[in-house]
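Descriptive structure summary
Next come the chains, spelled out residue by residue.
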Amino acid sequence: MAARAPFADWRVLELSNGIAVSYCGKMFADAGADVVKIESAQGDSLRRRSAGGPAGALFGYLAAGKKSVTSGGQAEIDALLAGADLVLTDLTDGWTLDEITAHTGASAVVVAVTPFGTAGPYVDDRVIANEFILQALCGSTAGRGWPEDEPVQAGGQLGEWLAGTFAAAVAAATARHAARGGRGEVIDVSTYEAMVIAMGGLSAMSASVLGADSLLGRRSLELPSIVPTADGMVGFCTITAQQFQDFLVLIDRADLLDDAELASFDGRVARRDEFVGMVTQWTQSRTTQEIVDLAVAFRIPVAPIGTPEMLPKIDHFVERGVFVESGAGGLQPRVPYRSDAMPTRPPGRAPRLGADNGRVHWPPRPAPPHGAGADALPLADTRITDFTAFWAGPVATQLLGALGADVIKVEGVRRPDGMRFSAGRPPSWDQWWEWGPVFLCSNNNKRGVSVELSTEAGRAIALELVAASDLVIENFSPRVMTNFGLGWDAVRAANPRAIMVRMPAFGLDGPWRDRVGFAQTMEQATGMAWMTGHADGPPVIPRGVCDPIAGLHAAFAAVAALVIRDRDGSGMHVESTMVEAALNVAAEMMVEYSRNGIQMRRNGNRGPDARPQGVYRCRGDDDWVALAATDDAARAALARLLGRPDLHDGDWRERPDENDKLISDWTARQSVGEAVEALRAAGVAAAPVTPAAALLSDPHLHARGFWETVDHPVAGSFLCTGMPFAFLGRPRRWIRRVPPLYGQHTGEVMTELLGRSQRDLSALRESGTVSDRPAGL
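A short tour of the structure in this document, coming up. (Residues numbered from 1 in each chain as written. Predicted model: local features only at pLDDT ≥ 70, side-chain atom pairs only at ≥ 80, totals over all residues. Heavy atoms only, no water.)

1. Focus: the overall build of the protein chain
Secondary structure summary: the protein chain contains 30 helices and 24 strands in total. Relative to the compact-globule value of 28 Å for 777 residues, the protein chain shows a C-alpha radius of gyration of 26 Å, a close match. Its C-alpha atoms put the protein chain at 85 × 75 × 50 Å along the principal axes. Expressed as a percentage of its 777 residues, the buried residues of the protein chain come to 61%. (Helix = DSSP H or I, 4+ residues; strand = E, 2+ residues; numbered from the N terminus. Rg over C-alpha atoms; globule rule 2.2 N^0.38 Å. Buried < 20%, exposed > 50% of the residue type's maximum accessible area, 1.4 Å probe, protein only.)

Put into C-alpha cells, the structure is as follows:
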C-alpha cells in the first residue's frame, strides 16, 4: 500500500491576511492536510501584493493546494470551525479568539499568530507594528551596519516567515497529541517574541550571561563577508581562527599570519579600509567560480551571492532538483525535508476567491476519549537522542524538549558542542566551556552525556541510546555519522521504530554535499543577503535567522514522521537541509522572477507594506527612530506632525528622498522617546531602534513571561529566552531543566536508562570513553 502523507486526514482552517499564518498553513498543506482558507469578500491581502508586475505571485506560492471559502455564510463558517482539527489565525478581518473557540470542538487546536501576542502592554497600548517596526524593537536592526552609518533592516520580511514556522512546529506537535487523547489548546504565538529569539536574542543573551564583558551587540558587519568578483559577488564566512588564517593564505597574504591585530575582529574593524581593500583586490581579479573552488579546497565557508536570476542555475540546486514547477507556472523551492516513507504534496494552484463556497463539508469530530496523559505536554512520551551542535540542530531539539520530550544531548569527549566555546569566557576562567551564551540559550530541557563516538565502546553506548529513543537527530556534515558507524542502517538495526532526522547544511548528496556551511553561508547562497542592505551598497547577511528556521523545519518534519509512525509503527530516515529551509522562506524573490520576470532586490529600510518607512536619527549620540506609515490615515497624520498638511499620497510615493529629508529634519530635534510618543499618538507605527541588551528590560516581554530565569551552577543566574508562545490557561514556564554542564547526566543516563553498573561507568571513565571534562582542556 502506498504511503500516505503525514497529515492526510487532518482538517486545517486558515483565517489570515499575511505571510506568517499563510506559510504555517502551507507547511500543513505540503504535508497532506486539507487546508481551507476563510477569506473576506476582498480576499486575503496577499492576493493583491505585487513586486511591480502582476499581483499574486507570493499568494500563489503560499496558497497552492488550499481551498477558499468566503466568509459570507456564517452557518457554513461555524460548521467548518466545528469540524476543524486545527485553526490557524492572525485575528484579522475582525476575528476574535472567543468567536473562534465558541465553535471549535473540544480536541481542536487553535493557533493565533499576532505581532505582540494576545495580551500585554503593547497590545493594551494599541502599539501599531508591521515587520519593519518589530525588527527595530527586537534588536535586529540596531546591530546591522557600521556605527557611523544608518542601521538597516533584514530584507524579505524574515520575521513573518520565522513566526509562521514556529507556529507550524508547535501546532503539529499539539494537534498530534490532541488526536491521541490529549486535550485541545489555544496557542498564543507572538511574532515579536519569535524575532527576539532568532534576530536579536543572541546579543541579548550574551549581555544577560556576560554583562559588560559581552562582545556581541555592537553595530557591525562581518569581515570578511560579501565582496565583488570579476563577474559577480562572493560571500565568505570565517567563524574560527583557523578559517581566518586559511583565508589569509587563500588571498595570498600569508605574510599577515602573525598579525595579531588583524586576527581579531576588533582589529579588522580598526583597519577596515585596508582589510577590505586587500580582499577586493584579490577577488576582483578572479571569477566567482574560481574563488569558490579555491575556498572550498581550503575548507573555508563560501558561496556565490544568490540572485533571482542565478538561483535556478546553481549546479547544486539543479542536481538535487531543489526547484520544481509550480501549479501556476514558473519555479518554486520544493518542500525542504524528504523521506521515502513520507510523501508530500506537489505544488498545486492557488484557489480562486470563494471557489469552494458550499463545497467543503466537515462533520464535527467525535471527541476522542481523554487518556491518562491528556493534560501532559504534547511530547511527554517521546525520547530523543540528540547528536546536534552549534545552533540550528539545538534549536530543533530544544523546541521538542520544551514540548515535553526527554532530550539526551550527546557530546564527544574530544569534540564537544562548539557553541560551548563561542563568545563566552577566555580559557583562563575555570570551566570556561560552560559560559557560551548561545549554548546556554539553546540547550535547555536536555540531559547532557559525554560519549567518545570514535571508540567501539562509545559507538555501543550510542546505539543503546538509539534503541531507547523515538527520535535520533543530528546535524553533522554527511560523512560523520557513517564514519562513526552510526548511519541510518545502524540506527534502523538498533531500533526499527526509530526516526532519524538528519540536518546537513546542503544535503546528503549533490556537488556541495561536503562543503562547510554556517548560517552566514546559507544567507549568502539563498538570496537572503541579496534582499538585505542599502540600495546603493553591497548585499548584507541578515545574520542568524537561518539557523532557527532550519531547526524549526526539522522539528516540524520530526513530528510529521511521528504521525506516520503512529499509523504504521515503523521508523524512517528524514533529510531536512538547512539551505532548502532558507530557500523556502526566501521564496518571494524567486517566484516573482520566475513568474513575472521581476528582479527584486534590497532597498534599504523601505518596504512593500508602508510609505514612508525608514529609520531616522534623533537627538543624542546614536539614537534612531523607526517609523512606518501603513495607510492613508497614518500618512495624513504624519504630514500634520511634520507641519506639512499639504502632502498627499502622490507626494509620498513620488518623492521618497525628499520626504526622508523632511522627516530627518523633524526627528533630529526630538529625543527618540519624544519622537516615538508623538508618532504613536498620531497613529503612526513607530519604535526606537532598540539595542539588543535593552530587550532584557522590555516591559512587554516581562509582562508576558517571555524571559525565564535560569540558575546555572557555573554561569549563575541570568534571564534566558523561553519559547515565543503560550498555551492559554496554562502557566507559562518552558524551561524546566537548565542547560546541562558538560557530561552532567552521563552517570544518570548510563545507570538508570541503559542499566549499566557503577563498575561499568568507572571503566568507561578510565578509558576516556566518557568524561566530566572535554579532552585537552
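2. Structural notes on the sheet that holds strand E19 (residues 613–617)
With antiparallel pairing, 3 strands are arranged side by side in an open sheet as E19-E20-E21. Taken across any chain shown, the strands that pair with only one partner, and hence form the sheet edges, are E19 and strand E21 (685–688). For this sheet the average axis-to-axis angle between neighbouring strands, irrespective of direction, equals 20 degrees. On top of the sheet, helix H27 (residues 672–681) reaches strand E20 (624–628) and E21; it is set at about 165 degrees to E21, its chief contact. (Pairing = 2+ DSSP bridges. Axes fitted to C-alpha atoms, helices over the stretch in contact; angles between N-to-C directions. Contact = heavy atoms within 4.5 Å.)

3. Focus on the side chain of Ser339
By the secondary structure assignment, Ser339 is in the loop between strand E12 (337–338) and strand E13 (383–386). Setting aside anything within four residues of it in sequence, one finds Ser339 in contact with Met572, His573 and Val574.

4. Section: the pattern of salt bridges
Opposite charge on two side chains allows them to pair when their charged atoms are near. The tally for this structure, following the rule as stated, stands at 61 salt bridges. In this structure, the salt-bridge partner of Arg49 is Glu588, at a minimum N-O distance of 2.9 Å. Residue Arg49 is located in the loop between strand E2 (34–39) and helix H2 (57–63), and its partner Glu588 is located in helix H23 (residues 587–596); the two are separated by 539 residues in the primary sequence. Across the pair, exposure class does not vary: Arg49 and Glu588 are buried alike. Among the salt bridges present, the one from Arg479 reaches Asp514, with a minimum N-O distance of 2.8 Å. Of this pair, Arg479 sits in helix H18 (residues 478–483) while Asp514 sits in the loop between strand E17 (499–502) and helix H20 (519–526), and the two are 35 residues apart along the sequence. Overlapping salt bridges bring together Arg320, Arg334, Arg338, Asp509, Glu575 and Glu580 as one network. (Salt bridge = Lys/Arg side-chain N within 4 Å of Asp/Glu carboxyl O.)

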